[in-house]
Amino acid sequence: MAAQELPPPARRPIEEDEEEEMQVKKKKRVEEVPQRMDCPYLGTINRHVLDFDFEKLCSMTLSGDNVYCDLVDGKFFQGRGKETPAYRHALEKGHYVWMNSADGKVYCIPDGYEVVDKSLEDIKYNLSPSFDEEEIEYMSTRVRYSKALDGTDYIPGCIGLNNIQDSDYQNVIIQMLCTVIPLRNYLLGYQPPTEKKPDPVLATVSQLFRKMYNPRNFKGVVSPHEFYQAVGRVTQKKFYAKQMDPVAFFSWLMGYLHKKTKDKKGDSLIHDVFQGEVQVKLCPAHEESRITESKEKTIFMTLELPDEPLFKDNLDFIPQVPLFNLLEKFNGEKPFEKIAKGGESREIRRYSLRRLPPYVCCVVKRFRNNNFFVEKNPTIVTFPLKGLDLRDYIHPDCQPANPETKYDLVANVCHDGKPERGTYKVQVFHQPTSQWFEIHDLRVTPVLPQMVALTESYIQIYQRQDVKPDGSFGKFDAEIPDLLAEAEPGVAAEIEMAPE
């Protein structure tokens, strides 16, 4: 018989010891990088070409790992050691001062030492702006004016955004959300988790907000390139490189941020700020006595525009309608006829409000898709800028639970031009200066309050008057009475929502 082969001796403990030694040596190498305060190349830094808004990818390998920024020409290259693109570029061009795009440390390549100098603090701050709690608390009351390196004056928080391949629909939503104080404060103070990979959309939108409110920006504008790329990857290029509906983007973004920030109970800041409750009375068109009631939660209210008049008095005639006429949809009495799911029967719905959120989002339904093309209703909606009272549209049983019903307009998204080739712009109320600004991509211009009401409004954000400048708002403890009858399962009782 052949001798039984013995198993090889176990080497695992030795291998583990070797790995630990290697890690210790690597740490020592990292710690042993010498530091100098007298770098002779600091005078070659050119702040005018530095742009940290774009994705930090190596210009040669397109990799995002271990990327350094050349502080002389603003280009990004990978690595710091020999045989790396950054090392080669430093020797070829004579550019010796480099900044790590992850932690902001500055190194001299190829000499291999870390540069420690207070004159570099402004560059590190522009790489990753940050705000303390006091700055965030007084953001809505403290007036700040800033000046870019080229002499351009700008107001932090009211700054133009670059249009990247028809991304104006995303820009107006970001500018609109800057007026929502609780959400803005949360994103300004958001710190991505270090123990796990941060969510790309949440991390980039918070970084975008901090750059928009950066009082020490080198440029008077901000490019939302990283946020734009993150949205394109997450949505599989649904919101990417083409014109889209801002309502659909707003609906998707709010749903995504809610999913990523909700707690164990399912609550999130998004729902605390935007989510209201609507009561729906539904009955078949042929039998109006059989009424079923249901309650629906929604983050915006859709307002129906009346049809254009068929015969106009003259060619320059533009119809106008007050906002209060559109809000009559929620008075609980006005019927809305709709074809039920399946197209077999017609339903009649009546809406009334049950709970008012701190911020009400109104969507004016301007676009209608027929069998051939998209139509746009150019009717101008006249609305109050301050003191919009929604008490008349609250269900009588729910009025004690909504003691504050007055709202002020803070953002107004408009559409200019034809349905297919039009552009979006936004008018925002800047609270520290109490002034209205119109932002169309990179152009920021002050406008009179009277001019705000003369535009083709598409999305409006109203802020409840009990919201304080620090973002806190009253949470009313009075319970809303339950409905007497719930909707039958399978009955279409939902509020009309934008496509996800």
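The present account deals with the structure reproduced in this document. Only a predicted model underlies this, so the values are computations on that prediction, with no experimental measurement involved.

1. Focus: the environment of lysine 219
Next, step 1: Tracing the backbone shows lysine 219 in the loop between α7 (200-212) and β10 (221-222).
Next, step 2: Taking relative accessible area as the criterion, lysine 219 reaches 24% and is therefore assigned partly exposed.
Next, step 3: Here the alpha-carbon distance between lysine 219 and lysine 147, two residues 72 residues apart in the chain, equals 8.4 Å.
Next, step 4: Those residues in contact with lysine 219 that lie beyond four places of it in its chain are Asp51, Asp53, Ala148 and Tyr154.
Next, step 5: Within the structure, the side chain of lysine 219 is placed 3.4 Å from the side chain of aspartate 51, a separation counted as a polar contact.

2. Concerning the pairing of strand β25 (residues 443-447)
Next, step 1: Sheet analysis places strand β24 (residues 435-440) next to β25, joined by 5 bridges and oriented antiparallel. Residue tryptophan 436 lies in a different strand from β25, and its bridge partner there is valine 447.
Next, step 2: Between the end of β24 and the start of β25, which pair antiparallel, lie 2 residues, with aspartate 441 showing a positive phi angle near 60 degrees.

3. Notes on the nonpolar core
Where a protein is soluble and globular, its nonpolar side chains tend to be buried together.
Next, step 1: Judged by nonpolar contacts, the single largest core of 66 residues is most densely connected at Phe250, Leu253, Met254 and Phe274.
Next, step 2: By residue number, the principal contributor to this core is helix α9 (residues 246-261), which donates 9 residues.
Next, step 3: Every residue in contact with leucine 253, bar those within four places of it in the chain, is listed here: Ile173, Leu177, Val201 and Phe227.
Next, step 4: Leu303, Val321, Leu356 and Ile394 belong to the second-largest nonpolar core, a separate cluster that totals 32 residues.

4. Some words on the packing of aromatic side chains
Here a ring pair, both rings aromatic, is described through the centre-centre distance and the interplanar angle of the planes.
Next, step 1: Inspection of every chain in the model, using the stated rule, returns 18 aromatic pairs.
Next, step 2: Ring centres of tyrosine 68 and tyrosine 107 lie 6.0 Å apart, and the angle between their planes is 70 degrees; on these two criteria the pair is classed as edge-to-face. Placement of the pair is tyrosine 68 in strand β2 (residues 67-70) and tyrosine 107 in strand β5 (residues 106-108), with a sequence separation of 39 residues. Like tyrosine 68, the residue tyrosine 107 is buried in the burial classification.
Next, step 3: For the pair phenylalanine 239 and tryptophan 252, a centre-to-centre distance of 5.9 Å together with 45 degrees between the ring planes defines the contact as tilted.

5. Some points on helix α6 (residues 181-188)
Since the α-helix packs 3.6 residues into each turn, any two residues three or four apart lie on the same face.
Next, step 1: Most of α6 sits inside the fold, with 7 of its 8 residues counted as buried.
Next, step 2: Taken as a whole, α6 has its buried residues at Ile181, Pro182, Leu183, Arg184, Asn185, Leu187 and Leu188.

Rules used in this analysis
- Residues numbered from 1 in each chain as written.
- Predicted model: local features only at pLDDT ≥ 70, side-chain atom pairs only at ≥ 80, totals over all residues.
- Heavy atoms only, no water.
- Helix = DSSP H or I, 4+ residues; strand = E, 2+ residues; numbered from the N terminus.
- Buried < 20%, exposed > 50% of the residue type's maximum accessible area, 1.4 Å probe, protein only.
- Contact = heavy atoms within 4.5 Å.
- Polar contact = N/O pair within 3.5 Å; in protein donor to acceptor, adjacent residues only side chain to side chain.
- Pairing = 2+ DSSP bridges.
- Core = buried A, V, L, I, M, F, W, Y, C linked by side-chain atoms within 4.5 Å.
- Phe/Tyr/Trp six-rings, centres within 6.5 Å; stacked < 30°, edge-to-face > 60°.

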